[in-house]
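A closer look at the structure
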Amino acid sequence: MRNGTAITEFILLGFPGTQGLQTPLFIMIFLIYILTLAGNGLIIAIVWAEPRLQSPMYFFLCNLSFLEIWYTTTVIPKLLETFVVARAVICIPCCLLQAFFHFFLGTTEFLILTVMSFDRYLAICKPLRYATIMTSNLCLQLALSSWLVGFTIIFCQTMLLVQLPFCGNNVINHFYCDIGPILKAACVETSISELLGVLATILVIPGSLLCTMISYIYILSTILRIPSAAGRQKAFSTCASHLTVVSLLYGAVLFMYLRPTAHSSFKINKVVSVLNTILTPLLNPFIYTIRNKEVKGALRKAMTCVKTGRAK
């Protein structure tokens, strides 16, 4: 047990070295947030409104877009507050709740992307059996399993955090409630929570990355065996968007967690966290639509219907 004054709230520092830039940063991040909500919401609306997009790939894409909407919503409103108030205060229960949803949704994102890689593996490597294997029931089971596993892993860790007393330093040098600073503020030994966190990280990040890599090894080997260049390009185009998102997400996460401690910089980690929590959710709708003829066709159809309705 560590002696110290009990605390009831945390202070989020955000980006303390941005004096004089608060207003431009607030406007920029607010616009990014609005675009993220609009872009991901538009994908969900188009997929559900267009019968041609009623397929497993777009079902999982809807899950990813829905997840991204709430993933950014757990972080950005509080981040915006750090730009407009002198001290961004958050009560301990609110901080733990934010941490729970942030890591629950983040964990689920890794699992959904892994399921999407399995879907692309079946579509490219088992095209004749794809429709019989990837049924609507299996799609629903895979999606629900991803959400349930993500919830269970983070809920168990959060239950341990809820029982901790907190004292001493209540300043979190981040723009959201990260687990590390929360554990440092605890008045008691936190080795069990830290061990569970390490095990969960190993299970989710390297585990899901390994499954994704195995799927893409089979995908690439199948694509390379296609005799025509047009056939190879068409096959690769169906998974290029997913591969881009996977590369962005895992690249940023591995950069943060696999660097030697001696060379790590918390400022750099915060910048990389911005990539994961703000920019990647913004880019996902554009990545999945720029080279996707079906989604672009559905967008043009929706815009034509809107123009026709206004003309009438």
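Further up the page is the structure itself.
Predicted model only: the values in this text are computed from it and were never measured.

**Structural notes on the pairing of strand β2 (residues 88–91)**
Along β2, the buried face is formed by A88 and I90; none of V89 and C91, which line the opposite face, is buried. In the sheet, strand β1 (residues 9–12) pairs with β2 via four bridges, with the strands oriented antiparallel. Paired with I11 across the strands is V89, a residue of β2.

**Some thoughts on the layout of surface pockets**
Taken as a whole, the second largest pocket spans an internal volume of roughly 600 Å³. In terms of lining, the second largest pocket is formed by 25 residues, of which the most central are M57, K234, S237, T238 and E294. At the level of elements, α2 (56–73), α4 (92–125), α9 (229–257) and α11 (293–311) are the ones that each hand at least two residues to the lining of the second largest pocket. When the residues that make up the lining of the second largest pocket are grouped by side-chain class, the tally is eleven nonpolar, seven polar and seven charged.

**Topic: the state of the cysteines**
In total, this model carries two disulfides according to the counting rule given. Note on cysteine connectivity: C95 is disulfide-linked to C177, with sulfurs 2.0 Å apart. In this structure the cystine formed by C95 and C177 twists about its S-S bond by roughly -130°; its chirality is therefore left-handed. Placement of the pair is C95 in helix α4 and C177 in the loop between β3 (171–172) and α7 (179–184), with a sequence separation of 82 residues. What makes C95 buried here is its relative accessible area of 0%. The disulfide that involves C167 links it to C187, with 2.1 Å between the sulfurs. On the criterion of sequence distance, the pair formed by C167 in the loop between α6 (136–162) and β3 and C187 in the loop between α7 and α8 (191–224) is long-range, its members being 20 residues apart. When its relative accessible area of 1% is taken as the criterion, C167 is described as buried. Judged by its relative accessible area of 5%, C187 is buried. Across the protein chain, the way the bonded cysteines pair up, counted in sequence order, is 1-3, 2-4. For C62, which is in no disulfide, the shortest distance to another cysteine sulfur is to C139 and amounts to 12 Å.

**Some words on the side chain of E50**
With respect to the helices and strands, E50 occurs in the loop between α1 (22–49) and α2. Under the relative-accessibility criterion, E50 is labelled buried at 7%. When neighbours within four sequence positions are excluded, E50 is seen to be in contact with A298 and K301.

**Quick look at the nonpolar core**
Formed by 49 residues in total, the largest nonpolar core has its most connected members in Y58, F60, F110, L113, M116, I219 and Y288. Only α1, α2, α4, α6, α8, α9, α10 (266–290) and α11 provide two or more residues apiece to this core. It is α4 that contributes the most residues to this core, twelve residues altogether. Setting aside anything within four residues of it in sequence, one finds M116 in contact with F60, L61, L64, H242 and Y288.

**Re the side chain of N276**
Here N276 is to be found in helix α10. Under the relative-accessibility criterion, N276 is labelled buried at 8%. Not counting residues within four places of it along the chain, the set of residues in contact with N276 comprises Y71, L248, L249, A252, V253, M256 and P281.

**What to know about empty space enclosed by the protein**
Taken as a whole and assessed by the stated rule, the structure comprises one cavity of 30 Å³ or more. At the level of secondary structure, the elements contributing two or more residues to the lining of the largest cavity comprise α6, α7 and α8.

**Considering the pairing of β1**
Within a regular beta strand, the side chains point alternately toward one face of the sheet and then the other, so they alternate between its two faces. Sheet topology note: the β1/β3 ladder contains two bridges and is parallel. Across the sheet, I11 pairs through a bridge with V171, a residue of β3.

So, how was this worked out
- Residues numbered from 1 in each chain as written.
- Predicted model: local features only at pLDDT ≥ 70, side-chain atom pairs only at ≥ 80, totals over all residues.
- Heavy atoms only, no water.
- Buried < 20%, exposed > 50% of the residue type's maximum accessible area, 1.4 Å probe, protein only.
- Helix = DSSP H or I, 4+ residues; strand = E, 2+ residues; numbered from the N terminus.
- Pairing = 2+ DSSP bridges.
- 1 Å grid on protein atoms, 1.4 Å probe; cavity = no way out; pocket = protein on both sides within 12 Å on 5 of 7 lines; lining within 4 Å.
- Points joined across faces, edges and corners; volume = space filled by probe spheres on them.
- Nonpolar A, V, L, I, M, F, W, Y, C, P; charged D, E, K, R; others polar.
- Disulfide = S-S within 2.5 Å.
- Contact = heavy atoms within 4.5 Å.
- Core = buried A, V, L, I, M, F, W, Y, C linked by side-chain atoms within 4.5 Å.

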